[in-house]
Structures are given as structure tokens and as C-alpha cells.
Amino acid sequence: MAQNIESHFPFKMSKPAQRALAGAGITGLEQLTDLTEAEVSKLHGMGPKTMEQLRVALAEKGLSFAKK
């Protein structure tokens, strides 16, 4: 069963998005900098709202998705 990673992100995320990130081994924003936005958006459960939340959260920390 996937762990609840909601506390590792600065916003409330849908359960499918939480499971998708946990299943990919992603537990924090910093790990997203190794992946492109396209790679993350392909994960099951990653909808437009969650992707926007992730973009904003990364930008607030001066981070971004990888550019490949």
C-alpha cells in the first residue's frame, strides 16, 4: 500500500496523485527537479490541477521540473 505523502508537499493533493508519486518513489518537491513535467504528467492520477500545484510549489522554492 502506498504511503501517505501529503505531508511532504505544501498543499493538499488528491489521493490518486499521492499514490502516483509514492509509486514512483517521489516523496518531496526536490525529487521532481530530476523529472520533466511531461514525465510527471504521464503518471496515473496526475491531473491539470495537481500539475499546476506542483509548478507553483516548485517555483516558490526557486525550483522547476527538469528540462530535457
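Here the structure is a predicted model, which is why all the values come from computation and not from measurement.

This brings us to the side chain of T50. Checked against the element boundaries, T50 lands in helix 4 (residues 48-60). Ignoring sequence-local partners within four residues, the contact set of T50 consists of M13, S14 and A17.

One finds F9, L32, M46 and L54 to be the most contacted residues of the largest nonpolar core, which totals 16 residues. Residue assignment for this core shows that the elements contributing at least two residues are helix 1 (15-23), helix 2 (29-32) and helix 4. Per-element tally for this core: the top contributor is helix 4, with four residues. Contacts of M46, omitting those with residues within four sequence positions, involve A17, A20, L21, V40, S41, M51 and L54.

Criteria and cut-off values
- Residues numbered from 1 in each chain as written.
- Predicted model: local features only at pLDDT ≥ 70, side-chain atom pairs only at ≥ 80, totals over all residues.
- Heavy atoms only, no water.
- Helix = DSSP H or I, 4+ residues; strand = E, 2+ residues; numbered from the N terminus.
- Contact = heavy atoms within 4.5 Å.
- Core = buried A, V, L, I, M, F, W, Y, C linked by side-chain atoms within 4.5 Å.
- Buried < 20%, exposed > 50% of the residue type's maximum accessible area, 1.4 Å probe, protein only.

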